[in-house]
Amino acid sequence: MIRGGRPLRGSVSISGAKNSAIALIPAAILAESEVVLDNLPVLSDVAVYSEILVELGARVLWEGSQMRINPADIRSIPMPNGPVKKLRASYYMMGAMLGRFKEATIGLPGGCNFEPRPIDQHIKGFEALGATVTNEHGAIHLHAKELRGAKIYLDVSSVGATINIMLAATRAKGATIIENAAKEPEIIDVATLLNSMGAVIKGAGTETIRIEGVAELKGCRHSIIPDRIQAGTYMIAAAATRGDVIIDGVIPKHLEALTAKLIEMGASVEELDESIRVIGRSSYEHVDVKALVYPGLPTDVGSPMTSLLTQADGVSVFSDFVYSNRFKHVPELIRMGAKIRVEGRSAIIDGGMLNAAKVKAADLRAGAALVVAGLTVTEGVTEVTGVELIDRGYDQLVPNLRALGADIWREAE
């Protein structure tokens, strides 16, 4: 429930990156001893991963922002159903289990709508490493007598496929080269953990990653990078409410594309060593925004960005060339009075005031967009349902917004 119209003011600290955590947790099972993850976000997806690891026989101790994972007694068991069906990123268990045990049975993932994000590039990579992959009764079965390094060219610069192939190749024999690899900061984060465990990975963050397989990995301690999507959402919310917010504990370089667009619209953005200050303005220029692979604007901030563009004067265009199903929140924004039409991979947004309404989150980032929209409404209360999807990616969203002065609360349905 959101009673909007209040400028956000103050500071907010950003948790560890969700998109790193969901890959780092399965990466830990490649080790033979305890892995400690610090700066872990407290999210429902993390809780599901904890369930999965315990089911496999790992010892997991999760306290606040730290998780201790001891995979010494982990065993290879098929997981066609159960917790793996609850989240999309359970596909990282394929690469991790294949790397450690040379086999895996993983139910096709759930979480947000999975259909527009096929895993064909993941499978292509596993097969190149020597695995046989079959899809039977809604589960992926992987098996290899041994994994051997290979040269793999990704047809699409996929973050998930890059990480998954990296996980499996770390324990393969010989060298693996991933060409047209994704360059997102989360890939560097996963490579940093694996190298600390004893892997030999070079080139993470570039389009060519080289991996020299090793026979064994050891435990280590690793601190997760800040969540650039979470940070970007608060930046957008600060601008949308004409507020003044300092976002602490971030890596400003990871947010350069968004910073540039906010400045282009007319907001003031100041970058410090580990924080960003966003000062909103009473009016904004219309802009054209494109979501692209890193270092472009992240697709995951595209939904909240469309909410901000409703506050601009004139007609803005948001185009997403990464994720084809990014506009599931648009009908809900229209319910709030937004003037938006979708044409292919673009949304054409004619700026104007929004009204309070009852709306429903269709996915994680759509939910964040509706919260940002609700914060801008000056009269009435906006009711957002489906908030369990928002909980998949935003640690302490309601308490953080309340601390910034928002009139926002939860009610049980």
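One can find the structure itself at the top, above this paragraph.
Residues numbered from 1 in each chain as written. Predicted model: local features only at pLDDT ≥ 70, side-chain atom pairs only at ≥ 80, totals over all residues. Heavy atoms only, no water.

A look at the overall build of the chain
Stated formally: Each helix corresponds to a stretch of at least 4 residues labelled H or I by DSSP, and each strand to a stretch of at least 2 residues labelled E; elements are numbered beginning at the N terminus. Any residue under 20% of the maximum accessible area for its type is buried, any over 50% is exposed, and the rest in between are partly exposed; the area is computed with a 1.4 Å probe on protein chains only. It only takes one pair of heavy atoms within 4.5 Å for two residues to be counted as in contact. The Shrake-Rupley method, run with a 1.4 Å probe, gives the accessible areas here. Residue values count only the displayed protein chains as cover. Residues scored as positive are Lys and Arg, those scored as negative are Asp and Glu, and His as well as the terminal groups of each chain are ignored. Each charge is placed at NZ for Lys, CZ for Arg, CG for Asp and CD for Glu.
A tally of regular secondary structure across the chain gives 13 helices and 23 strands. Dimensions along the principal axes, computed over C-alpha positions, put the chain at roughly 65 × 45 × 40 Å. With 413 residues in all, the chain has 58% of them scored as buried. Taking all contacts inside the chain whose residues are at least 6 apart in sequence as the whole, residues at least 24 apart take part in 72%. Surface accessibility of the chain: about 15600 Å² in total, with carbon and sulfur atoms responsible for 50%. Charge-centre separation for the chain: the mean point of 43 positive side chains lies 2 Å from the mean point of 48 negative side chains.

A few points about the sheet that holds strand 15 (residues 268-271)
Put simply, the rule reads: For two strands to pair, DSSP has to find at least two bridges joining them. Orientation is described by lines fitted to C-alpha atoms, with helices fitted over the stretch in contact, and by angles between N-to-C directions that extend from 0 to 180 degrees.
The strand order across the open sheet formed by four strands is 2-14-16-15, and the pairing between neighbours is mixed. In this open sheet, the two strands that pair with only one neighbour each are strand 2 (9-13) and strand 15. Ignoring which end each strand starts from, the neighbouring axes of this sheet average 15 degrees apart.

A word on the nonpolar core
To be explicit about the condition: What is meant by a nonpolar core is a set of buried Ala, Val, Leu, Ile, Met, Phe, Trp, Tyr and Cys residues, joined one to another through side-chain atoms within 4.5 Å.
One finds Tyr 49, Ile 52, Met 93 and Leu 194 to be the most contacted residues of the largest nonpolar core, which totals 77 residues. The greatest single-element share of this core, amounting to seven residues, is contributed by helix 5 (residues 159-169). The contact partners of Leu 194, leaving out residues within four places of it in the chain, are Ala 27, Leu 30, Met 166, Leu 167, Thr 170, Ala 199, Ile 201 and Leu 217. In this structure, Ala 237, Ala 267, Ile 340 and Tyr 394 belong to the second largest nonpolar core, which totals 63 residues.

Considering the pairing of strand 6 (residues 103-107)
Counting buried positions along strand 6 yields four of five residues, so the element is predominantly enclosed. Where strand 6 meets strand 8 (residues 139-143), five bridges bridge the pair, whose relative direction is antiparallel. Along strand 8, the bridge assignment pairs Glu 103 with His 143.

Comments concerning the packing of helix 7 (residues 228-240) against helix 8 (residues 256-265)
Here is the rule we go by: If an angle is under 35 degrees, it is roughly parallel; if it is over 145, roughly antiparallel; if it lies from 65 to 115, roughly perpendicular; otherwise it is oblique. For this classification, the nonpolar set comprises Ala, Val, Leu, Ile, Met, Phe, Trp, Tyr, Cys and Pro, the charged set comprises Asp, Glu, Lys and Arg, and every other residue, Gly included, is treated as polar.
Contact geometry of helix 7 with helix 8 gives a least axis separation of 11 Å together with a crossing angle of 10 degrees. By the criterion of interaxial angle, the relationship of helix 7 to helix 8 is roughly parallel. Contacts between helix 7 and helix 8 involve Gly 232, Met 235, Ile 236 and Ala 239 from the former and Leu 258, Thr 259 and Leu 262 from the latter. In terms of residue class, the contact of helix 7 with helix 8 is made up of five nonpolar, two polar and no charged.

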